[in-house]
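Chain by chain, the residues:
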Amino acid sequence: MERLTKFRQLLAEGKFEGFVVTAPASRRYLSGFTGSSGVLVISKDEAILLTDFRYLDQAQEEVKDFGFQVKEHDPRIWGTVAAEIAKLSTGGRSRWGFESEHLVEKNYRALNERLECGVLTPTEGFVNQLRRIKSATEIAAIRKALQITEGAWARVLAELKPGRTEKEIAALFEYYQRQLGAEGASFPTIVASGPRSALPHGAPTDKIIEAGELLVLDGGARYAGYCSDFTRTVVVGAAPTKQQQELYELVRRAQEVALGGIQAGMTGKEADALAREVIRAAGYGDRFGHGLGHSLGLEIHEQPRLSPTEETILEPGMICTVEPGIYLTGWGGIRIEDVVVVTADGIENLTTSPKSLTSQDYPRQ
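Residues numbered from 1 in each chain as written. Predicted model: local features only at pLDDT ≥ 70, side-chain atom pairs only at ≥ 80, totals over all residues. Heavy atoms only, no water.

**Observations concerning the pattern of salt bridges**
Consideration 1: Enumeration over the complete set of coordinates arrives at 24 salt bridges.
Consideration 2: Among the salt bridges present, the one from E323 reaches R335, with a minimum N-O distance of 3.8 Å. Within this pair, whereas E323 is found in the loop between strand 15 (319-322) and strand 16 (325-328), its partner R335 is found in strand 17 (residues 332-335), the two being separated by twelve residues in sequence. Neither E323 nor R335 differs from the other in exposure class; each is buried. (Salt bridge = Lys/Arg side-chain N within 4 Å of Asp/Glu carboxyl O. Helix = DSSP H or I, 4+ residues; strand = E, 2+ residues; numbered from the N terminus. Buried < 20%, exposed > 50% of the residue type's maximum accessible area, 1.4 Å probe, protein only.)

**Regarding the packing of aromatic side chains**
Consideration 1: Following the criterion strictly, the structure yields nine aromatic pairs and no others.
Consideration 2: Plain terms: the ring middles of F19 and F126 are 4.9 Å apart, the flat faces sit at 15° to each other, and that makes the pair stacked. Of this pair, F19 sits in strand 1 (residues 18-21) while F126 sits in the loop between strand 6 (119-123) and helix 6 (128-131), and the two are 107 residues apart along the sequence.
Consideration 3: Of the residues examined, F19 reaches a relative accessible area of 0% and is grouped as buried.
Consideration 4: Ring centres of F33 and Y55 lie 5.6 Å apart, and the angle between their planes is 85°; this geometry places the pair in the edge-to-face category. Of the two residues, F33 is situated in the loop between helix 2 (24-31) and strand 2 (39-43) and Y55 in the loop between strand 3 (47-51) and helix 3 (56-62); the sequence distance between them amounts to 22 residues. The two residues F33 and Y55 agree in class, both being buried.
Consideration 5: Grouped by ring-pair contacts, the aromatic residues F7, F16, F19 and F126 constitute a single cluster.
Consideration 6: For R95, the ring lying beneath its charged end belongs to F16, and the centroid distance is 4.3 Å. (Phe/Tyr/Trp six-rings, centres within 6.5 Å; stacked < 30°, edge-to-face > 60°. Lys NZ or Arg CZ within 6 Å of the ring centre and 35° of its normal.)

**Considering the sheet that holds strand 5 (residues 95-99)**
In any sheet, the strands associate via hydrogen bonds between backbone groups, in a parallel or an antiparallel arrangement.
Consideration 1: Read across the sheet, six strands follow the order 4-3-2-1-5-6 without closing on themselves; strand pairing throughout is mixed. The open sheet has two edge strands with one neighbour each: strand 4 (69-72) and strand 6. The average angle at which neighbouring strand axes cross in this sheet is 25°, direction not considered.
Consideration 2: Inspection of the sheet shows strand 1 paired to strand 5 by three bridges, in the parallel sense. Note on strand 5: the bridge partner recorded for V20 is F98.
Consideration 3: Together, strand 1, strand 2, strand 3 and strand 5 form the strand contacts of helix 2, whose direction differs from that of strand 2 by roughly 55°. (Pairing = 2+ DSSP bridges. Axes fitted to C-alpha atoms, helices over the stretch in contact; angles between N-to-C directions. Contact = heavy atoms within 4.5 Å.)

**Structural notes on the pairing of strand 17**
Consideration 1: Burial along strand 17 is two-sided: the residues G332 and I334 and G333 and R335 are all buried.
Consideration 2: The pairing of strand 16 with strand 17 spans four bridges and is antiparallel. Looking at the pairing, G325 lines up with R335 of strand 17.
Consideration 3: Adjacent in sequence and paired antiparallel, strand 16 and strand 17 are bridged by three residues, among which G330 carries a positive phi angle near 85°.

**Focus: the side chain of E138**
Consideration 1: Take E138: it is sitting in helix 7 (residues 136-156).
Consideration 2: Among the polar contacts made by the side chain of E138, one reaches the side chain of Y226 at a distance of 2.6 Å.
Consideration 3: Residues contacting E138, with those up to four places away along its chain left out, are R3, Y29, I133 and Y226. (Polar contact = N/O pair within 3.5 Å; in protein donor to acceptor, adjacent residues only side chain to side chain.)

**Details of helix 9 (residues 242-261)**
Consideration 1: With 20 residues, helix 9 should reach 28 Å at 1.5 Å per residue; the first-to-last C-alpha distance of 29 Å fits that figure.
Consideration 2: Among all positions of helix 9, only Q244, L247, Y248, L250, V251, A254, Q255, A258, L259 and G261 are buried. (Expected span 1.5 Å × (residues − 1).)

**Let's talk about unusual backbone geometry**
Consideration 1: For the bond running from Q303 to P304, omega is 5°, close enough to zero to count as cis.
Consideration 2: Positioned with a positive phi, K15 is a non-glycine residue whose angle comes to about 60°.
Consideration 3: Here K15 shows up in the loop between helix 1 (2-13) and strand 1.
Consideration 4: A residue is classified by how much of its surface remains accessible, and K15, at 67% relative accessible area, is exposed.
Consideration 5: One non-glycine residue, A224, lies in positive phi territory at about 50°.
Consideration 6: Along the polypeptide, A224 turns up in the loop between strand 10 (221-223) and strand 11 (226-227).

**Some words on the sheet that holds strand 10**
Consideration 1: Ordered by their spatial adjacency, three strands build an open sheet running 7-10-11, and the pairing between neighbours is antiparallel. Either end of the sheet is taken by a strand with one partner, and the two such strands are strand 7 (184-185) and strand 11.
Consideration 2: For strand 10 and strand 11, the ladder comprises two bridges, and the chain directions are antiparallel. If you follow Y223 over to strand 11, its bridge partner there is Y226.
Consideration 3: The sheet contacts of helix 7 involve strand 10 and strand 11, and relative to strand 10 the element is tilted by about 140°.

Now the structure itself:
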């Protein structure tokens, strides 16, 4: 109920008669409904979840503490949505917001053509104004998801041997996460070795991992709907070379500077600059081509981001990844990632796994 009350305050501030929620993560955040099909119709007095026959019993159970009533929609859902808007509108051409970043043009047109009253008004990031500040319950779920991921990392370390394939390691990692209680992976696991480690989002392949190669593993678990995100880079089956060690220490130092400097009141751009300046000063600025991090929650990528263009001011309760990297085409790449919570006096790092380029330095399970 608290989330619905806060959302209605946003509606009043935006002078909206009501709002249509279609994004699955926003729908779950506001109503508790975890099914794959449904639309929320929210006014100042009513909150309705429209879904189909498959989910009626499930929905009744899930939304009972969130202040929503459940209704079955007609085969053509947008006619039902339009009918509910007509019932809830107080007259005239009242403003109804919708998530323009999610509602595709075809569905927008289907709804708009059926409206006899109400004007659809596009918004971006409207529900995220609430979602970007995590509650203690949400932080606990993310912490648990991260513990599962770190536990899977501790197990998969024993499998990081020359002769295994990237796909094998990715499959084992996701299996271990499931064993430890994950609902599933929060995104497809990245395992990239050798020169392929220079691909920031390198999907695992049948490539055989060779001794002395860099290996980047980037993965996460989903627990109670919430995501974790975690990256470590190691050298497999051999001692690191001088260049590997030097670049690893540079990335680790950049991350440490960021972890020590991020605080409430700064912008995402300023947080990004903490690590970026360290890497730029060492001559690798053009090899750090992505932002320092992003928020996460019910989705793996949420707002705000830590990037050179992000003007959002960081506030206590925001979750961010901190993941600087250096990527050299034809040679390899290095990335280290932790998940932190912004606090009133800095950050709390939820990630506990050590950081070392030598795989033997990590504890195993």
